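# Structure at a glance
Listed below are the residues making up each chain.
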Amino acid sequence: MEAPVRLWVKTEPFLVGALPAPPPARLSPHYLRKMAAYARARAAEGCFPRLSWPRWRHIACGKLQLGRGLAWLYFELFHSLLRPDPPRRLEWAEAEAACAGPDELEQERSKAGAPSRAGRRGESPAHPNASFSPLLDTLQFLLFLYVQQVNKVSLRRSLIGEEWPSPRTKSPSLTGKSTSENKNWNDQDHRAFVQSHLSDMLELLLEPEQLTASSHSTHSSSVSYEAVCALSFLIEGTVNKGRTVHPLHQLALWQPCQGQNGYSKVSRTFLFPKLESWLRSCLTTNPFGMTACLKSGKKLAWAQQVEGTTRRAKIACNTRVVPEVFPMVIMSQVYKQTLAKSSDTLVGAHVRIHRCNESFIYLLSPLRAVTIEKCRNSTFVLGPVQASVHVHSCDNVKVIVVCHRLCLSSTSGCTFYTLTPTQPLILLGNEAISFAPFHTHYPMLEDHMAQVGLATLPNYWDSPTLVCQESGDTSGFRLLPPSDFYTFVIPFEMEGDTTETPGGLPHPYQKALSQREQKVQIWQKTVKETGLTKDQRKRFQMLVENKFYEWLVQTGNRQQLDSLVPPAVGSKQAAG
């Protein structure tokens, strides 16, 4: 008999929540079970059912031996999944920017973590109006920490050659096949992970009296309704043939399901074996995930097909879009062209840009999260990104973006022009990375920043941090010298009020630009005062134009200028 509901694993906890790096050894399931018992035993101290930052800092640093920076990274990363409304995020940015130093910032974070009545049990675990106040649902946070295991390197798979952590391990294709490099995006991997670890995750949510001495369940163990609410962090679904997406805990209470999942109205609990069996039988492919997008998504004719090449650009988005789920756009094999879009299709979307070479790509809309992988010799100009930008296995690319977080792995010779309220994360396998201040604007930029809750301060573009490697090794990155810095002009007309780079430029970079502009003015004055004849001026102009043309060709800017007006498209491409 067909199950009355369809369940699937949500994309967000893996795509945005799973740090794309192997987790610390102390975040193994064994230590997470210890953490669960410790938190429940200290409910009165701010550990359960809501976890404050000071208590998590104590657990992470004192018990799990994590560094304070990494502890805050996980804490704040989890919070970014809760969709705090933009005005709240802007309020927190203002408070953080006003802090005079690390000690005052720590006080601000601790103060915000004081217990409150907000977020009672049974509410939707990802309430769209959740405030920044970092009081997190303890059980959801435990699941979030468990999900970090998705990027754990398996020794067995390493020995057979599938998962050795090399800077240039082959990247996944867009076929949806399971590979270690694609776990944050691949919904088939998400489903397999939950199916494989479902028993462990359910046991992590059990109350102490429901566990054996070795912290395992029995056939008579009961799972509380609060635990199933927490599991809604990972699982959602629909009533069969329905179009409305519901969190797991609502579907679990639906009358036709109660006999299958072992729900008792008297105790408001679920029988462990029945609940686990019900979940396994109902779990299916995510209809909003990458697999569905590639298989049956809407194809977008945004890119031109370049003559003389076998590469064919592929761009697709979700066919179904519902308010409960972020849309998805997947872009692959854009080659030797300029692609520019400001579109409703992109607003709030998860965007994956894959195997794009020698191109200039402008996505000028507010975005949810962006992954750029296996791209070469390209420039990406992105609208404000609410969650994260992850750049993986790219060579010689430039990324220009205002984003909440930037993560880099296995990149070489790349430059990042960013405005970000968090430290850029340098993961494994990077070399010759340059960081520079955000240096451009387009008319709707500040409006788009407000939509996703990003401000101009604080700005940590110049304070990257190393993750999963020796903290003292800074040889793989540098700050771009001001002498190599130039502003970037977005060559499209749009409506809007932004007329300059938000927040301005740091003094050394602004000074370098002013000095360069002064040299140009001196040069122009010198030419004017030389007293050249009309014929000499004409020959001199031709010489300058020839040298300029040579420069355009040598730098690749000729290609960009030529591709700004593709045949039969015209100059309005960005407005589509």
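Right, let's walk through the structure included here. (Residues numbered from 1 in each chain as written. Predicted model: local features only at pLDDT ≥ 70, side-chain atom pairs only at ≥ 80, totals over all residues. Heavy atoms only, no water.)

## Description of the packing of helix H2 (residues 29-41) against helix H9 (residues 187-205)
Going by this rule: What counts as an axis is a line fitted to C-alpha atoms, over the stretch in contact for a helix, and the angles between N-to-C directions run from 0 to 180 degrees. Put simply, DSSP H or I for four residues or longer makes a helix, DSSP E for two residues or longer makes a strand, and each gets a number counted from the N terminus. Each angle is binned into one of four classes, with values under 35 degrees roughly parallel, values over 145 roughly antiparallel, values of 65 to 115 roughly perpendicular, and all other values oblique. Handedness of a crossing is defined here by the sense of rotation of the near helix relative to the far one, left-handed for an anticlockwise turn of less than a right angle and right-handed for a clockwise turn. Note on contacts: a residue pair is in contact if any heavy atoms of the two residues lie within 4.5 Å.
Close contact between H2 and H9 brings their axes to 9 Å; oriented N to C, the two are set at 20°. Classified by the interaxial angle, the pair formed by H2 and H9 is roughly parallel. Seen from above, H2 lies across H9 with right-handed handedness. From H2, Leu32, Arg33, Ala36 and Arg40 reach across to H9, where they touch Asp200, Leu204 and Leu205.

## As for the packing of aromatic side chains
Using the following cut-off: Any two of the Phe, Tyr and Trp rings considered here, Trp counted by its six-membered ring, make a pair once their centres fall within 6.5 Å; the pair's planes then place it as stacked at under 30 degrees, edge-to-face at over 60, or tilted in between. The rule is simple: take the accessible area with a 1.4 Å probe, protein chains only, and divide by the maximum for that residue type; under 20% is buried, over 50% is exposed, in between is partly exposed. Here, a charge over a ring means that NZ of Lys or CZ of Arg falls within 6 Å of the ring centre while also lying within 35 degrees of the ring normal.
Scanning all chains against the criterion turns up 22 aromatic pairs. Their ring planes at 40° and their centres at 6.3 Å tell us that Tyr362 and Phe488 sit as a pair that is tilted. Placement of the pair is Tyr362 in strand E14 (residues 360-363) and Phe488 in the loop between strand E23 (477-479) and helix H16 (507-529), with a sequence separation of 126 residues. We classify Phe488 as buried; its relative accessible area is 18%. Seen in terms of ring centroids, Tyr417 and Phe485 are 6.5 Å apart; in terms of plane orientation they differ by 40°. Their pairing is tilted. Of this pair, Tyr417 sits in strand E19 (residues 415-419) while Phe485 sits in the loop between E23 and H16, and the two are 68 residues apart along the sequence. An identical accessibility class is assigned to Tyr417 and Phe485; each is buried. Members of the aromatic cluster, joined through ring pairs, are Trp53, Trp56, Trp72, Tyr74, Phe75, Phe78, Phe141, Phe144 and Phe233. If you follow Arg109 out to its NZ or CZ, it ends over the ring of Trp72, 3.8 Å from the centre.

## Brief notes about the sheet that holds strand E5 (residues 235-239)
Our working definition: Should DSSP find at least two bridges between two strands, the strands are regarded as paired.
Within the open sheet, the three strands sit side by side as E1-E5-E6. Their pairing is antiparallel. Whereas interior strands pair on both sides, the edge strands pair on one side only; in this sheet they are strand E1 (5-9) and strand E6 (246-247). Looking at chain direction, E5 and E6 are connected through two bridges and run antiparallel. Bridge pairing in E6 links Gly237 to His246. Contacting E1 and E5, helix H13 (residues 272-282) runs over the sheet at an angle of about 85° to E1.

## Things to note about the environment of Cys47
With respect to the helices and strands, Cys47 occurs in the loop between H2 and strand E2 (50-51). On the basis of relative accessible area, Cys47 is assigned to the buried category, the value being 0%. Distance from Cys47 to Leu136, taken between C-alpha atoms, is 9.4 Å for residues 89 residues apart in sequence.

## Here we look at a negative patch on the surface
Spelled out, the test is: Note on patches: the residues involved have over 30% relative accessible area and no salt bridge, like charges join within 9 Å, and the nonpolar side chains Val, Leu, Ile, Met, Phe, Trp and Tyr join within 5 Å. Note on areas: Shrake-Rupley, 1.4 Å probe, and residue coverage restricted to the protein chains presented here. Take a side-chain nitrogen of Lys or Arg and a carboxyl oxygen of Asp or Glu: if they are within 4 Å of each other, that pair is a salt bridge. Only four residue types enter the charge count: Lys and Arg as positive, Asp and Glu as negative, with His and the chain ends excluded. A charged residue contributes its charge at one atom only: NZ of Lys, CZ of Arg, CG of Asp or CD of Glu.
Together, Glu446, Asp447, Asp497 and Glu500 give the surface a local cluster of negative charge. Looking at the secondary structure, you find Asp447 in helix H15 (residues 445-452).

## Some remarks on the nonpolar core
It is characteristic of soluble globular proteins that their nonpolar side chains tend to be buried jointly. As a reminder of what qualifies: The term nonpolar core refers to a set of buried residues drawn from Ala, Val, Leu, Ile, Met, Phe, Trp, Tyr and Cys, joined through side-chain atoms within 4.5 Å. Where each domain starts and ends follows an automatic or database-derived domain assignment.
Membership of the largest hydrophobic core comes to 79 residues, with the highest contact counts inside it found for Leu7, Trp56, Phe141, Trp278 and Leu279. The leading source of residues in this core is helix H7 (residues 138-147), at eight residues. Composition of this core by domain shows at least three residues from each of domain 1 (6-83 + 135-152 + 182-282) and domain 2 (298-505). Core analysis: the next-biggest nonpolar cluster, separate from the first, contains 65 residues, Ile361, Leu367, Cys375 and Val399 among them.

## What about the pairing of E19?
When you tally the buried positions in E19, you get five out of five residues, the bulk of the element. Residues Thr415, Tyr417 and Leu419 of E19 are buried on one face, and the alternating residues Phe416 and Thr418, pointing to the opposite face, are buried as well. Sheet topology places strand E18 (residues 398-409) next to E19; five bridges connect them, and they run parallel. Note on E19: the bridge partner recorded for Lys398 is Thr415. As paired elements, E19 and strand E21 (residues 433-437) share four bridges and run parallel to each other. Its bridge partner being in E21, Thr418 is matched across the sheet by Pro437.

Purely geometric stuff here, so don't read any function into it on its own.
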